[in-house]
Each structure stands twice: as structure tokens, then as C-alpha cells.
Amino acid sequence: MYLSRFLSIHALWVTVSSVMQPYPLVWGHYDVCKTQIYTEEGKVWDYMACQPESTDMTKYLKVKLDPPDITCGDPPETFCAMGNPYMCNNECDASTPELAHPPELMFDFEGRHPSTFWQSATWKEYPKPLQVNITLSWSKTIELTDNIVITFESGRPDQMILEKSLDYGRTWQPYQYYATDCLDAFHMDPKSVKDLSQHTVLEIICTEEYSTGYMTNSKIIHFEIKDRFAFFAGPWLRNMASLYGQLDTTKKLRDFFTVTDLRIRLLRPAVGEIFVDELHLARYFYAISDIKVHGRCKCNLHATVCVYDNSKLTCECEHNTTGPDCGKCKKNYQGRPWSPGSYLPIPKANVCDNELLHCQNGGTCHNNVRCLCPAAYTGILCEKLRCEEAGSCGSDSGQGAAPRCSPALLLLTALLGTASPLVF
């Protein structure tokens with residue numbers, strides 16, 4: 001009988017061990033990333049959200065123009081200088097490097113003078129619209145972390161739409177409308193980001209702030225990421241915990257700052273007047289000298305590294321996750337449903353860690369947040385006898401430290417809790 005019961009317990013232990021394998025030793029609601037640092041108090045863990053560093057994402061994109069032959073220079077043509085729109089002796093020639101303005105010049109290092117820039121053909125086919133789509137693709141989901149900044153070498157367009165895709169360009173949705181007259185162009189009342197609030201931060205607006213004519217100090221168009229962050233983190237972004245708390249709990253907010261592709265739709269060049277000057281159509285074109293997009297690979301907070309190899313961005317997934325965005329569990333690690341990590345890995349009281357063994361008297365660290373103490377002990381680090389707080393400690397109190405148990409052993413104990421004791 002005893003042998004039969006022993007074999008039953010052995011089989012149960014094997015089953016429990018196999019079930020427990022996909023789980024970490026410490027069960028927590030979130031997985032966290034950490035690194036050891038040295039402080040005046042000694043060696044401690046520094047906790048962080050599991051995400052790659054923010055970087056210049058234009059280094060990894062592919063650009064596509066539509067129509068594909070919209071770039072100036074083939075055949076060569078002349079265009080008017082921006083400082084003097086009636087001085088039309090500048091030349092664009094795709095066959096001459098010094099006179100060519102290909103799309104890659106929107107993303108090169110702006111260290112040369114004059115600035116390098118991409119330029120479209122002029123509006124020589126007026127009144128047919130001069131429209132261009134500039135699509136930026138990463139073949140990877142990315143999260144935006146700073147303003148999108150577009151610097152025009154021409155006047156800023158009279159009408160433009162910035163669009164985003166979350167499905168690699170299959171569908172598109174507007175990010176923001178830009179116009180000299182929002183009501184006329186898009187049937188929308190003009191607004192600025194300052195008109196928004198925490199409750200309306202996801203609203204798609206049309207702004208007239210960035211669509212004035214030929215002024216040399218008016219070349220830049222923004223899509224204001226940081227201003228939207230500031231609704232939660234404060235004007236100087238000092239309360240990032242508040243922002244991260246919102247991102248943790250609000251999927252629509254996370255998705256708002258997430259893209260796979262961006263598309264700049266240039267719908268009408270800078271005219272500067274009410275009417276188009278049909279005698280000087282070489283005045284009208286688009287030219288962009290720089291586009292800035294800062295962000296990071298989206299890894300669902302399950303990776304700290306994103307590598308660029310073979311023209312492809314890939315998350316180096318942790319926490320037994322896998323997939324392009326670490327969006328599913330590895331095979332044999334599916335004992336609990338997949339979920340994203342947390343933007344808030346820093347608990348309110350970082351008091352313990354199983355590797356540094358800060359918990360005392362047999363206490364175990366739970367989720368790197370608090371010590372789970374044996375019945376006889378209490379305190380942040382299980383450093384005090386519970387009977388001391390009650391003033392009832394004595395030699396016959398019978399209180400002492402309970403043995404430290406692994407989660408598997410605790411589960412096994414629970415499963416056997418109703419069984420009769422074994423006697424060998």
C-alpha cells in the first residue's frame with residue numbers, strides 16, 4: 001500500500017513539475033527588466049521597462065513616391081528660387097549629381113551648404129492637381145517617441161495630410177490635416193494641439209499653424225507627439241509615470257503612437273496668393289530637405305534590444321515570447337495566456353529580489369515588490385517576529401521560521417492538502 005501511494009505521489013510530482021516549467025520562479029503580474037548597479041547602499045537592481053532605446057528611425061525605412069516619376073530632373077527643368085519667385089534660372093537635372101534632387105536626400109546628413117533636398121517636378125500641368133504621396137515603411141511595428149518633423153526647402157504646402165498605417169500599408173487612417181484654410185480644404189474647423197486635452201488627445205485635427213507661404217523661417221511642419229504626451233506627463237514631461245500608467249491601461253492610446261508606415265500626402269503646393277500665377281508655374285513645386293522620425297521597435301515590452309539585419313528590424317524577445325513583436329508565447333511556454341509587459345516595472349517599494357536574497361527568515365520575494373513572510377514573521381523584509389508586535393513573545397510561543405518553499409512545492413502541498421498523511 002505504501003509503495004502504491006509513493007508511486008502515486010511521484011507521478012503527481014512529475015505532473016506538477018511539467019506544468020510548472022513554463023512559469024518563472026517568481027509569479028508576478030508583469031515581467032520586468034533589470035540591471036545591477038552600485039550605489040552608496042551597495043549592489044542593487046535598477047528596474048526598467050523592457051523596451052529598446054529610442055532612436056532615429058529614418059535610418060531603417062524605405063521610401064516610396066507616388067507617382068514614381070514625380071521627382072524633378074528627368075527631363076531636366078528650370079525652377080524659380082524661393083527667395084525670388086520670379087528668378088527662374090535654377091536647374092534640376094537627374095543626370096548631374098550636383099543638380100539632382102532624389103528622394104534619399106530627405107534623410108541624409110544635413111551638414112552641407114546649401115542644404116540637400118528632394119524636389120518634385122514643377123506645376124507645369126496646371127490646372128491638373130500637383131499631388132504627391134511619400135510613403136515611409138519599416139516592415140516592422142514601431143512606437144513614436146518624439147515629434148515628427150518635416151522641413152521643406154520650398155514653401156510649406158497649402159494642403160497636406162499626414163497618415164498612418166498599422167497593417168503595413170494595407171489600410172490608412174489620418175494622423176493630422178494641414179491647410180491654409182481648413183474649412184475650405186477639408187471641411188474642418190481649425191484647431192491646434194493646445195486645444196486638446198487628456199480626454200480628446202486622440203482627436204484628429206486640422207491645423208493652420210504650419211501652412212503659411214514663402215517666409216524663410218517658416219519651413220517646418222510638426223506632428224506633435226510630445227505635446228500629446230504632456231497632457232499626462234506635464235509640460236516638461238517630468239511625470240512620465242503618469243503617462244506610462246495611461247499607456248499601460250489604454251490600448252487606444254498605445255495604438256495612437258504606434259505605426260508600421262507613415263504617408264505624407266502633398267495635395268497643393270504653397271501658392272502664397274489667392275490665385276495661381278499661370279505665367280510662372282515654375283514657382284510651384286514641393287521640396288523637402290529633412291524628415292525626422294524618432295521611435296523604437298515595438299516589442300510589447302518583452303525585449304530591450306532590436307537588431308537591424310538583412311534590411312530588417314527584429315526584436316530580440318525575452319520572457320519566453322517570440323514573433324516579430326514578441327506577440328506570442330514560445331512553444332512549450334503556453335501554460336498561461338500571452339500578455340504584453342508593463343511600462344511600469346518599478347514597484348512602489350523595491351525591497352527584495354531572489355538573487356540578492358534580501359528577504360529574511362525564510363521569506364520569499366514576490367514580483368520583486370514585497371516579501372511573502374512565514375506565518376511567524378512580519379515586516380518589509382520579514383525581519384520581525386509577529387509576536388513582538390503583539391507583545392506576546394515567549395519561550396513557549398512556538399513561533400519560528402517556516403521553511404522556504406518553491407511555487408511548485410506549494411502547489412504540490414495544496415494538491416495533497418486533503419490527503420491522509422503518509423507513514424513509512
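Residues numbered from 1 in each chain as written. Predicted model: local features only at pLDDT ≥ 70, side-chain atom pairs only at ≥ 80, totals over all residues. Heavy atoms only, no water.

An unreviewed UniProt entry lists the chain under the name Netrin G1, from Equus caballus.

Here the focus is the pairing of strand 18 (residues 312–315). Burial along strand 18 is one-sided: the face carrying L313 and C315 is buried and the face carrying K312 and T314 is not. Two elements, strand 17 (residues 306–309) and strand 18, share four bridges in a ladder whose sense is antiparallel. Note that in strand 18 the partner of C306 across the bridge is C315. Once strand 17 ends, the chain turns through two residues before running back antiparallel as strand 18, passing N310 with a positive phi of about 55 degrees. (Buried < 20%, exposed > 50% of the residue type's maximum accessible area, 1.4 Å probe, protein only. Helix = DSSP H or I, 4+ residues; strand = E, 2+ residues; numbered from the N terminus. Pairing = 2+ DSSP bridges.)

Attention now moves to the environment of L313. With respect to the helices and strands, L313 occurs in strand 18. Judged by its relative accessible area of 5%, L313 is buried. Considered as a pair, L313 and P324 are eleven residues apart in the sequence and their alpha carbons are 8.6 Å apart. With sequence-adjacent residues up to four places away left out, L313 is seen in contact with M57, Y60, W138, K140, C297, C306, V307 and Y308. (Contact = heavy atoms within 4.5 Å.)

Here we take up the side chain of Q51. Note on placement: Q51 falls in the loop between strand 2 (42–48) and strand 3 (55–56). Given the relative accessible area of 15%, Q51 is considered buried. A distance of 3.4 Å separates a polar atom in the side chain of Q51 from a polar atom in the side chain of R296. For Q51, the residues in contact, after removing those within four places along its chain, are E143, Y244, R296, L301, A303, T304 and Y343. (Polar contact = N/O pair within 3.5 Å; in protein donor to acceptor, adjacent residues only side chain to side chain.)

Buried residues of helix 4 (residues 240–249): L243, L247 and D248, and no others. Along helix 4, the residues classed as buried sweep out an arc of 140 degrees about the axis, all on the same side. In the core, the buried residues of helix 4 are packed alongside helix 3 (225–233) and helix 5 (251–256). (Arc of directions from axis to C-beta.)

Attention shifts here to the state of the cysteines. Here a disulfide denotes one covalent bond, and it connects the sulfur atoms of two cysteines. All told, the structure shown has seven disulfides when counted by the stated rule. Covalent S-S linkage joins C80 and C88, the inter-sulfur distance amounting to 1.8 Å. Where C80 bonds to C88 through sulfur, the torsion about that S-S bond is close to 80 degrees, and the disulfide is right-handed. Residue class for C80 comes out buried when judged on its relative accessible area of 2%. Judged by its relative accessible area of 28%, C88 is partly exposed. Each sulfur of the disulfide joining C299 and C315 lies 2.1 Å from the other. In this structure the cystine formed by C299 and C315 twists about its S-S bond by roughly -85 degrees; its chirality is therefore left-handed. Taken as a pair, C299 in the loop between strand 16 (294–297) and strand 17 and C315 in strand 18 lie far apart in primary sequence, 16 residues in all. The exposure classification of C299 matches that of C315, with both residues buried. (Disulfide = S-S within 2.5 Å.)

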